[in-house]
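The lines below spell out each chain.
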Amino acid sequence: MNTVKEYDCPNCGGSLTFDPPTAGWKCGYCFSKFTKEEIDQVYGDTESENLQEEAGDLDTYHCESCGAELIADDTTSATFCIYCKSPTIIKQRFKGKFQPKYVIPFKITKDQSIKTYKNWIGKKLFAPTSFKLDEEIDKITGIYAPFWLFDCDAHGSTSGRGTKIRTWRSGSYEYTNTKYYRVERQGQVRYEKIPIDSSTKLDDKYMNMIEPYDYSELAEFSMAYLSGFMADKYDVMVDESEDVMKKRVEEFIANRLKDTVRGYTSYSPISKTADLHNVVNNYALMPIYLLVNQYKDKKHMFLVNGQTGKVVGETPIDHKKQALFFAAIAIVVTIITMFGGALFV
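A word on unusual backbone geometry. The omega torsion of the bond from Glu 211 to Pro 212 falls at 5°, within 30 degrees of zero and hence cis. Along the chain, the position of Pro 212 falls in the loop between helix H4 (204-209) and strand E12 (219-220). Located in the positive-phi region is Ala 23, a residue other than glycine, with phi close to 55°. As for its position among the elements, Ala 23 is in the loop between strand E2 (16-19) and strand E3 (24-27). Even without being glycine, Lys 193 reaches a positive phi, approximately 60°. Positionally, Lys 193 belongs in strand E11 (residues 173-197). Note on Lys 193: relative accessible area 26%, which makes it partly exposed.

Shown next as structure tokens:
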């Protein structure tokens, strides 16, 4: 049984890749284009059968196009052959408990993500020069990142202390009257599709910042969407992710209840609780473009939302470049001060 999956063009046998602008598939050899319905007609039955089997982790796979034996770590699920560049999907990584329910297909292309990143990094005046080189930026890679999506009903409550302060003057004296109140709020709310990053490879801080996604474009999972992109499977279990989700919900509902507190001079929260019910989780893949740069032995991660184009990341400061910049300004200021208007005569 083959352990990898490639989507070949029905017309010429070349490799098919998912094309974000058309939300279809295209052949890089004969330039044929196919819709999801046409792909399903050709590959739908075999894909459904393959995804029903349970599987373990693989360390190697064979490229069906050129036969090369390649190594992938135990969370890589879709990749490229480094010899013939054919997009390859490791079918075993999407079986059983590792089969996603949903996927948001890429909406922007790699070229668009590069342009977006260049505009963003171009505004970082003191970013290291290497971060702006075309040969580095071209390494940006489209990846389907694993997420747990949670639905739940939440009942939240908060309590705090509110004050009402009144001041007035009588003669030469100023008086202040402060009244203290115990303020309580509670409410019920329904949350749907709370995303929790489920890969230890990706920085949770950046994965939170790259949200939101437009879930109206959520599609039933098909391996065909992965063709032409990298993909990871989850390595953070659902129980651990649910704990993270509960903390987020507690913050969500506490802030929402706090917004209902009005009519007080000041308000200080004291406690908050959130009870979750009817929790449902679904495994999904979300599109990101990833670029990792290194500066002074430290790796810096940059992400582009593959659906919305939002860019996140932290840029280190090249202190040498910064010093030269301010030195140049100081020289210009000194010259103007010394010669004054004579320079413009």
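Moving on to the nonpolar core. Ile 39, Tyr 117, Tyr 144, Tyr 191, Ile 194, Met 245 and Val 249 are the most contacted members of the largest nonpolar core, which has 52 residues in total. In terms of residue count, the dominant contributor to this core is strand E14 (residues 266-295) (six residues). Grouped together as the second largest cluster of nonpolar side chains are 19 residues, Ala 145, Leu 218, Ala 284 and Ile 288 included.

Now for the environment of Thr 315. The residue Thr 315 is located in the loop between strand E16 (311-313) and helix H6 (319-339) in this model. According to the relative accessible area criterion, Thr 315 is partly exposed, its value standing at 22%. Linking Thr 315 and Phe 302, residues 13 residues apart in sequence, is a C-alpha distance of 8.7 Å. Not counting the four nearest positions on each side in its chain, Thr 315 is found in contact with Trp 120, Ile 121, Lys 124, Ala 127, Pro 128, Phe 131 and Phe 302.

Right, let's talk about the sheet that holds E2 for a bit. The strand order E2-E3-E4 describes an open sheet built from three strands, whose pairing is antiparallel. The sheet is open, and its two edges are formed by E2 and strand E4 (33-34), each paired on a single side. With two bridges joining them, E3 and E4 adopt antiparallel strand pairing. Note on E4: the bridge partner recorded for Lys 26 is Lys 33.

It is a general feature of regular strands that their side chains alternate between the two faces of the sheet. Extensive coverage of strand E15 (residues 298-305) is indicated by the burial of six of its eight residues. The sheet contact formed by E14 and E15 spans eight bridges and is antiparallel. Across the sheet, Val 292 pairs through a bridge with Met 301, a residue of E15. Count of turn residues in the E14/E15 antiparallel hairpin: two residues, of which Lys 296 carries a positive phi of about 55°. Pairing of E15 with E16, which is carried by three bridges, proceeds in the antiparallel orientation. Its bridge partner lying in E16, Leu 303 is registered against Val 312. Between E15 and the antiparallel strand that follows it, E16, lie five residues; Gly 309 among them carries a positive phi value of about 85°.

This brings us to helix H2 (residues 110-122). The end-to-end C-alpha distance of H2 is 18 Å, a good match for the 18 Å that 13 residues give at a rise of 1.5 Å each. For H2, the secondary structure elements touched by its buried residues are helix H3 (134-137), E14, E15 and E16.

Let us look at the side chain of Thr 163. Mapped onto the elements, Thr 163 comes out in strand E10 (residues 141-170). Judged by its relative accessible area of 7%, Thr 163 falls in the buried class. Reaching out from Thr 163, the side chain makes a polar contact with the side chain of Ser 266 at a distance of 2.4 Å. In this view, Thr 163 contacts Thr 178, Lys 179, Tyr 180, Tyr 264, Thr 265 and Ser 266; residues no more than four positions away in its chain are not counted.

The grouping of Trp 168, Tyr 173 and Tyr 175 at the surface amounts to a nonpolar patch, some 330 Å² of accessible area in total. Relative to the helices and strands, Trp 168 resides in strand E10. A residue is classified by how much of its surface remains accessible, and Trp 168, at 32% relative accessible area, is partly exposed.

Tallied over the entire structure, the rule returns 13 salt bridges. Here Lys 26 ties to Asp 19 by a salt bridge, and the two come within 3.8 Å at their closest N and O atoms. Taken together, the shared-partner salt bridges connect Asp 153, Arg 190 and Glu 192 into one network.

How each quantity is defined
- Residues numbered from 1 in each chain as written.
- Predicted model: local features only at pLDDT ≥ 70, side-chain atom pairs only at ≥ 80, totals over all residues.
- Heavy atoms only, no water.
- Helix = DSSP H or I, 4+ residues; strand = E, 2+ residues; numbered from the N terminus.
- Buried < 20%, exposed > 50% of the residue type's maximum accessible area, 1.4 Å probe, protein only.
- Core = buried A, V, L, I, M, F, W, Y, C linked by side-chain atoms within 4.5 Å.
- Contact = heavy atoms within 4.5 Å.
- Pairing = 2+ DSSP bridges.
- Expected span 1.5 Å × (residues − 1).
- Polar contact = N/O pair within 3.5 Å; in protein donor to acceptor, adjacent residues only side chain to side chain.
- Patch = residues over 30% accessible without salt bridge, like charges linked within 9 Å, V, L, I, M, F, W, Y side chains within 5 Å.
- Areas by Shrake-Rupley, 256 points an atom, 1.4 Å probe, with all protein chains shown as cover.
- Salt bridge = Lys/Arg side-chain N within 4 Å of Asp/Glu carboxyl O.

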